[in-house]
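# Overview (structure and organization)
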Amino acid sequence: MLQPELLRLLIQTDSVDTDILAVPVLQVDTRPKESNLEKLSRVCGDDGIDETSSPLTFMPQQIRLNKDHEMFEDGDIHRHLYLQDVATTTPEVSETPTVSAFRCHIAGCSQLFDTLEGYEHHYSALHRHVCSGCRRSFPSDRLLDIHILEWHDSFFQIMAEKQSMYQCLVEGCDLKFKTSKERRNHLIKTHRYPPDFRFDRSKKTKSRTESKAPQKSEGSMEVSVATLPAVSGPDAGESMEFCASGETERDSQSGAGPVQEEQPKPRYSHKVPHTICFGQGSTRGFRGRRKRK
Amino acid sequence: MKDEFYPYRKCIKFIKIIVFVRNKVGMWRLSVVRHKARSDKSHLEEFKFKRREQERVLRQARRDKQLVSKRLMQEDDEEDDDDGAMDTAADVLSKEQVTELFRRVQHSGEERVNHLRTLRKALRSPDTQLIFIKLENSMQALVGLLSGSNAHCQLEAAHCLFLLSHSPNPATGLACLPATPYLLTYLCGQSDKFTALCLYTLGNLCAESEAVREKLLAQGIVPALTSCLQRHNLAVVEAAGFTLSQLLQTKDAAANIVPPVLASGLTLHLLAGLQPAPDYGMGAAIECAWCLHYLVCSTADSETLSALGAVSKCSSLLITLGGAVASGNTEEGVELLVWPLLRALGNLLSGCRSEGLQGQLRDSRLLPALCVLAQAFLKPHPALARESLWVLNNLTAGPSVFCSAVLFLNLVPALIQLLPFSKGINCMVLQVLGNVAYLGKEYCTQLSRAGLLPALCATLKMADPEVVTLSLEVLAMMLTHSSEVAEEFTKLMGLPLLEAIQYNSQGEMRLRASYILDHYLTAHSQLKVDTPAL
C-alpha cells in the first residue's frame, strides 16, 4: 500500500528543498481554544447536563511513554527474541581466512599461528603494552604507563614523597595516593577489587630491586593457577628461562623467596628477551634461538 | 617505549581489509547467525512452536518486570566440529569426568590449552556448569588462567567464563564475579575479539542482580564502556552497546545507573553509533539506539540529550531508513533499529520545549518517513506502525509548522489509508488529524479537500468507542470552521450516522453526537426534531 508519492518525497530530494522552513505555514486560528479549557472542566464536573457546555474536549497533546508502557510491549518482546536468538557477528568476523602457518615475529617468542586472529590476540596480550625497561607486558595502556612511572622513573620516588603520585588503576578514576598501600585500600574499598589483583603491586617490592617482582609474580601465578604441587614442573621452568634477564635470575637466586607470595603481582612477558628494544639484530637472533624449544 | 611493532600491526590490518570483501553495497542488512532450526524446513513447525513458547515466557517476564536476556556469541573457530560439540553437550559429563578434566587443566604444560578447550565444550551444558562451579578452587583457577600470561589459555578461560555467564542458573553467574576486575581491565586491551568476549560476559552478568551491577559500577564499568564505544571495530561497539543496554534496562537503572552514564559523556559516543549509512554495521547501531531509548525513558532531562544532537541524529537516521524501506533496500531485521529510534525520538519530542527543537528538526522528510514506516510495518509489526504514528502525533502537537507540513506534503491520504486498522493505529491517526484540525480554518479546509470527510464517515461506524469519540471530535472541529464541510457531510449521509450514535450506550459518544447535531448541523438536519438529545 506504499504510495509512490511518499517514495518520491523521501528519495528524489535533489530538486526539492527539504528544509522544514521551506514549508509554507498556514495561518493558525484556534478561536475556540480559549474556551476549551473551561469547557473541559465543566464537562468533567457535571457530566454534561448543562446544555450549553460543549462536550468536545480535543486538545493536541504530546504523549510521553515510560519504559514499561503497554504500548512498548511488542517492541520489547521483539528485541528480546532477537537477543536470545543466538548470536551476533559482523560480517568480517564470520569469514575467518586461514593463512599458512606462521610464527610470531617477535624475537624470543616464535609461537606458531594459523589465523591472523589468533596472532592478533597473542600480540595484544603479550607484545603490545610491553615495558621496554623490564619486558613486562600489561593488558592496557594505562597500566603500562603507571608501571613505567612507578618502576622506571627516577623522579617518581622523590615526587612521591612530596605529593600523591600513585594513580588509581581503574580506568576513569583519577584519584592519586601517597603510597601504593593506600591505593590498594582504595581499590579494595571503592572499586571492590580483590586484594590480590594481579596488576597491582606493593610499594615494598618496588622500592627494593625491581627485578625481584617477576620472580615472585611467577610464583604467585602458579599458586593461583594451580594448587597441585605436581604442577610447576615444566611451566615454571620454562617461564623462568623466558623471563631470564641476567638480573632477574641473579636476584631470584639470591632468594626473592615467597615473602609475599599471596600478593598481587605484575604481569610481564616472559617470552621477550631483555635487550631487544635497542634494535640490535644480532641480539634478537641470539635470544630468539635460545627461546625456541 | 610502548609498542615498537606498530608498523607491523598496520600491515596486518591492511591484509585484513583486503581479505574481507564487503557484502552488496547499499543494502541494510543485519548479519546474524541463524538458528539451525530456522534454516531447516523439517523443523519449521517445531521452531515455530518453540518461538511462541519463548514469546509467551517473555511477555510474562515483562509483566513481572523481570525482562532480561542473556546473549550467546557464535563460536567462530569451532566450525569444523560444531555439530559434534553440540551433540556432546547433550550427554552431560559425570561429576568424575568433570573433576578429572579440571585436574588436567590445572596441570601446566603443552596440553593445558587442549584440556581447556575440552572443558569449554563441556561447559555448554548447564549441568556441567553447575558441577564445575562447585569443584573446589575451580573458579580461582579459571580466573588465574584468565589473568595469566599465556595468551591461548587466557582466551580459552575467557570463553569458559562467557559460557558460565550465560547460564540460566543465578549461582553460576555469581560464581563468575571474581573475574570481573580482569574482564574490565581487558576491555582497554587492543584485541577486538577478546574485548567483545569480555563485554558479552559482563553484559550477561549484568542481568544477574542489582548487587552485581553495583559492584560493576564500583569497578568502573561506565568509563570502560565509554572507551569501548569509541573503538573502530563495530563488533566491539555492538558488544559494548549490548552491555550498556543490559545495565540501562534494569529496574534500578533510573536511580543508580543513568546518572553516572549521563555524567560520563558516553552519550555522545552512543549517538556517533547511529550512522545513517547502510554499510555501517546495523548490529552496532541497534544496540546504541536501544541504549538511547532506555536513557531517554529514565531521565527527565530531555533537553540535555537533545542539545547533544539526539533529536537530529534519530530523525536523520529514521529518514534514511524510511527511504530504504520505501525503496525496498532492507531485509528482515531493520525493525530492530527503527523501533528504539522511534521511541527515543517520540519521548524526546514530548520532553523538550519547542524552541529547543527548531534547530534540530530541519528536515521535513521526517514526516513522510514516519508515514512510510507506519505503512510498511503495518502487517508484520502493527505495534511498530502505531509507534511511528505516536511520534507523528508528538510532532504535530508541537509547532504549527509540522501540521502545515502534513498538508503541504500531502500526507493526509496516506494517513487516511491507515484509518481502517485497529490495535490503536486508527486512534493515533485520528489524534494526528485532530492536531491538524485544531489549528483552525485553513487547516480544516485543506483536510476536507484531502478527502477526510468520507473517511470519518467510515470511522463513525466503527465499534470501538474511542475511535468514534475521536472521530466526532475531529468532525466537530472541521464543522466549526467551515460551513461547506457541513454541506458535504450531509451529502455523504453523515446525519443518520450521528443520529445512530445518539442511541449508543456510551455517554461520551452520545453527548458529542447530540452537541454536533444541535450546534453545527441544525440547518441541515430535517430529522433533528424527532430525535431528542439524550
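The structure presented is a predicted model; accordingly, all values stated were derived computationally and were not measured.

## A few points about the confidence of the model for chain B
Averaged over every residue, the pLDDT of chain B is 82; the share at 70 or more is 85%. Confidence over residues 527-534 of chain B falls short of pLDDT 50; this stretch has 13 contacts with residues more than four positions distant or in other chains.

## Concerning the nonpolar core
Phe132, Leu146 and Leu498 of chain B are the most contacted members of the largest nonpolar core, which totals 217 residues. The contact partners of Phe132 of chain B, leaving out residues within four places of it in the chain, are Val98, Phe102, Leu119, Leu123, Ser138, Met139, Leu142 and Leu164 of chain B. Core analysis: the second largest hydrophobic core is formed by eight residues, Ile106, Cys109, Phe113 and Tyr119 of chain A among them.

## Here we look at helix α24 (residues 382-396) of chain B
The terminal C-alpha atoms of α24 of chain B lie 21 Å apart, and with 15 residues this matches the ideal 21 Å at 1.5 Å per residue to within 8%. Counting buried residues in α24 of chain B gives 14 out of 15 residues, a clear majority hidden from the surface.

## Considerations on the UniProt feature "domain: C2H2-type" (unreviewed entry) in chain A
Residues and elements named next belong to chain A. The feature "domain: C2H2-type" (unreviewed entry), as annotated in UniProt, sits at residues 104-127, 131-152 and 168-191 in this numbering. Counted over residues 104-127, helix gives 50% and strand 17%. Its end C-alpha atoms are 10 Å apart. Annotated as residues 131-152, this span is 55% helix and 9% strand, and its ends, taken at the C-alpha atoms, are 9 Å apart.

## Here's the deal with unusual backbone geometry
Excluding glycine, residues mostly have negative phi values, and the peptide bonds linking residues are mostly trans. Not every positive phi belongs to a glycine, and Arg192 of chain A is a case in point at roughly 55°. Within the secondary structure, Arg192 of chain A sits in the loop between α8 (180-189) and α9 (203-207). Non-glycine residue Asn410 of chain B carries a positive phi angle of around 55°. On the secondary structure map, Asn410 of chain B appears in the loop between α25 (400-408) and α26 (412-417).

## Brief notes about a nonpolar patch on the surface
On the surface, Phe155, Ile158 and Met159 of chain A cluster together into a nonpolar patch covering about 310 Å² of accessible area. Tracing the backbone shows Phe155 of chain A in helix α7 (residues 154-162).

## Describing the packing of aromatic side chains
In total, this model carries 15 aromatic pairs over all chains according to the counting rule given. Plain terms: the ring middles of Phe113 of chain A and Tyr119 of chain A are 5.4 Å apart, the flat faces sit at 75° to each other, and that makes the pair edge-to-face. Look at Phe113 of chain A and you get buried, because its relative accessible area is 5%. Ring centres of Phe197 of chain A and Phe199 of chain A lie 5.5 Å apart, and the angle between their planes is 80°; on these two criteria the pair is classed as edge-to-face. Considered together, Phe197 of chain A and Phe199 of chain A belong to a single accessibility category, that of buried residues. The residue whose ring lies beneath Arg71 of chain B is Phe242 of chain B, and the NZ or CZ to ring-centre distance is 5.6 Å.

Calculation criteria
- Residues numbered from 1 in each chain as written.
- Chains lettered and ligands numbered in written order.
- Predicted model: local features only at pLDDT ≥ 70, side-chain atom pairs only at ≥ 80, totals over all residues.
- Heavy atoms only, no water.
- pLDDT = per-residue confidence, 0-100.
- Contact = heavy atoms within 4.5 Å.
- Core = buried A, V, L, I, M, F, W, Y, C linked by side-chain atoms within 4.5 Å.
- Buried < 20%, exposed > 50% of the residue type's maximum accessible area, 1.4 Å probe, protein only.
- Helix = DSSP H or I, 4+ residues; strand = E, 2+ residues; numbered from the N terminus.
- Expected span 1.5 Å × (residues − 1).
- UniProt positions renumbered as here; feature names shortened; annotations may be inferred.
- Patch = residues over 30% accessible without salt bridge, like charges linked within 9 Å, V, L, I, M, F, W, Y side chains within 5 Å.
- Areas by Shrake-Rupley, 256 points an atom, 1.4 Å probe, with all protein chains shown as cover.
- Salt bridge = Lys/Arg side-chain N within 4 Å of Asp/Glu carboxyl O.
- Phe/Tyr/Trp six-rings, centres within 6.5 Å; stacked < 30°, edge-to-face > 60°.
- Lys NZ or Arg CZ within 6 Å of the ring centre and 35° of its normal.

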